[in-house]
Amino acid sequence: MGRVFVAGSINMDVVATAERHPRIGETVAGDSVLYFPGGKGANQAVASAKQGVPTTLVGRLGADAFGQGLKTFLAAQGVDLSFVKDSPGTHSGTAIITVANADNTIVVVPGANALVDGDDIAAPGLAKGDVAVSQFEIPLPTITAFFKRARAAGATTVLNPAPMKPANTALLDLVDILILNETELGQLTGTELSVTDAAGRYADAARTLAQGRIVCVTLGKRGVLALVDGEQLLVPGREVKAVDTTGAGDCFVGALAAQLASGSKLRDALSYANAAASICVQRMGAAPSMPTAEEVNAVLNS
Ligand code: RIB
């Protein structure tokens, strides 16, 4: 079995729930304030570790109370933290999130995540069969260096370009599997896409990014569309009652990476990750919502 290495962000999510999101300039009364471990890198690492696959997180925390709490939580989920460093002099990554009607808005302040560097990603030993995962909440040159190492070792590289930033071709050329949502696909390809568009429109936009790599577009409740060697795969969404979609995309990425490291075929891994994300959205919070392999298999067999 391969292993999963995630180079990415670790945040404390400060979540306010309310009946609806405020408009710009408006104040609305909230219902509760909640603190959840999060950050796209940490969420993806937890999602992978909970599938029983050895998972290492590479990242940074501030030397503060949030950092301590995040470390304790992540270790309890089975994530290897040998390559998570403390960065005195800055705060742990913090996300300010509003959740209303299951949807969220997020402002992320990177703090220590902005300091993850080339030395950090040079430390863990990658090997053939491993899966290297990253997102855009750590510096892009660090991700490029990480994927160069991964490619040299024969590992598979998975990029989730979220939140979207202009990415250079030197980075994109190192990506074996690109996983993005509808919004990110529109931004990366400069295409106007809407949630009501037919799957074919997404496929056309995704095709411009394929260039020898696999592209997976997560479509929320509509499921996931993947382009593999020019072939279009569509895994339909599962009908569930969502309470909080925060971290659902990360759940998909982490579960998919774990399945690929275990040797699953891509189509099976897509169905598995789609089922995992359908569980995640039925729970509040990001990292604590990631399901176990047992829970995912129960959904797949139901
Ligand atoms: O993808 C969800 C995550 O985005 C949250 O956990 C938050 O920390 C931000 O990074």
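Okay, so let's go over this structure. (Residues numbered from 1 in each chain as written. Predicted model: local features only at pLDDT ≥ 70, side-chain atom pairs only at ≥ 80, totals over all residues. Heavy atoms only, no water.)

1. Quick word on the site of the ligand
Move 1: With respect to spatial proximity, 13 residues lie near the ligand, and among them Asp13, Gly39, Lys40, Glu137 and Asp250 are the closest.
Move 2: One of the side-chain nitrogen or oxygen atoms of Asn43 is found 3.1 Å away from an oxygen atom of the ligand.
Move 3: Note that an oxygen atom of the ligand is positioned 2.7 Å from one of the side-chain N or O atoms of Glu137.
Move 4: Calculation on the ligand without its partners gives an accessible area of 280 Å², and the protein chains cover 96% of this total.
Move 5: When contributions to the shell around the ligand are tallied by element, the ones reaching two or more residues are β2 (11-18), α1 (40-49) and β7 (103-109). (Near = heavy atom within 4 Å. Polar contact = N/O pair within 3.5 Å; in protein donor to acceptor, adjacent residues only side chain to side chain. Areas by Shrake-Rupley, 256 points an atom, 1.4 Å probe, with all protein chains shown as cover. Helix = DSSP H or I, 4+ residues; strand = E, 2+ residues; numbered from the N terminus.)

2. Describing the sheet that holds strand β3 (residues 30-38)
Move 1: What the four strands build is an open sheet, ordered β3-β2-β6-β7; its pairing is mixed. Edge positions in the sheet fall to β3 and β7, since each has one partner strand and no second. Within the sheet, the average angular offset between the axes of one strand and its neighbour, ignoring direction, is 20°.
Move 2: Direction of pairing for strand β6 (residues 93-100) relative to β7: antiparallel, over a ladder of seven bridges. Bridge pairing in β7 links Ile96 to Val107. (Pairing = 2+ DSSP bridges. Axes fitted to C-alpha atoms, helices over the stretch in contact; angles between N-to-C directions.)

3. Description of the nonpolar core
Move 1: Counting residues in each nonpolar core, the largest one holds 53 residues, and the members touching the most others are Leu57 and Leu270.
Move 2: By residue number, the principal contributor to this core is helix α9 (residues 266-280), which donates 10 residues.
Move 3: If near-sequence neighbours (up to four positions away) are discounted, Leu57 is found in contact with Val6, Gly8, Ile10, Gly41, Ala42, Ala45, Leu74, Val79, Asp80, Leu81, Phe83 and Val84.
Move 4: Val58, Phe136, Leu159 and Ala203 belong to the second-largest nonpolar core, a separate cluster that totals 35 residues. (Core = buried A, V, L, I, M, F, W, Y, C linked by side-chain atoms within 4.5 Å. Buried < 20%, exposed > 50% of the residue type's maximum accessible area, 1.4 Å probe, protein only. Contact = heavy atoms within 4.5 Å.)

4. Notes on the pairing of strand β12 (residues 223-228)
Move 1: Judged by how many residues are buried, β12 sits mostly within the fold: six of six residues are covered.
Move 2: Where strand β11 (residues 214-218) lies against β12, four bridges are found, and the strand directions are antiparallel. Directly across from Val217, in β12, lies its bridge partner Leu225.
Move 3: Between β11 and β12, which follow one another and run antiparallel, lie four residues, and Gly220 among them has a positive phi close to 60°.
Move 4: Of the strand pairs in this sheet, β12 and strand β13 (residues 231-236) are connected by six bridges, and their pairing is antiparallel. Paired with Ala226 across the bridge in β13 is Leu233.

5. Brief notes about the environment of Val253
Move 1: As for its placement among the helices and strands, Val253 is situated in helix α8 (residues 248-261).
Move 2: Once residues within four sequence positions are removed from consideration, Val253 is found in contact with Gln44, Val133, Val158, Asn160 and Ile179.

6. Side note on the sheet that holds strand β4 (residues 55-62)
Move 1: Read across the open sheet, the nine strands follow the order β5-β4-β1-β8-β9-β10-β11-β12-β13; overall the sheet is mixed. Across the chains shown, the open sheet's two edge strands, defined by having one partner strand only, are β5 (80-87) and β13. Neighbour-to-neighbour, the strand axes of this sheet turn through a mean angle of 15°, independent of strand direction.
Move 2: Taken together, the five bridges between strand β8 (residues 131-135) and strand β9 (residues 156-160) define a ladder with parallel strand orientation. Bridging from a neighbouring strand, Val131 pairs with Thr156 of β9.
Move 3: Along the sheet, helix α4 (residues 140-153) contacts β1 (4-7), β8 and β9; its crossing angle with β8, the most-contacted strand, is approximately 170°.
Move 4: Packing of α8 onto the sheet brings it into contact with β1, β8, β9, β10 (177-181), β11 and β12, and relative to β8 it is tilted by some 165°.

7. Describing the state of the cysteines
Move 1: Counted by the stated rule, this structure contains zero disulfides.
Move 2: There is no disulfide at Cys251, and the cysteine sulfur nearest it, in Cys280, is 4.5 Å away.
Move 3: Classification of Cys280 by relative accessible area gives buried; the value is 0%. (Disulfide = S-S within 2.5 Å.)

8. Focus: the pattern of salt bridges
Move 1: The full count for this structure, using the stated rule, is 11 salt bridges.
Move 2: In this structure, Asp117 and Arg60 form a salt bridge, with 3.6 Å as the shortest nitrogen-oxygen distance. Placement of the pair is Asp117 in the loop between β7 and α3 (118-122) and Arg60 in strand β4, with a sequence separation of 57 residues.
Move 3: By relative accessible area, which is 28% here, Asp117 ends up partly exposed.
Move 4: The exposure class assigned to Arg60 is buried, which follows from its relative accessible area of 12%. (Salt bridge = Lys/Arg side-chain N within 4 Å of Asp/Glu carboxyl O.)

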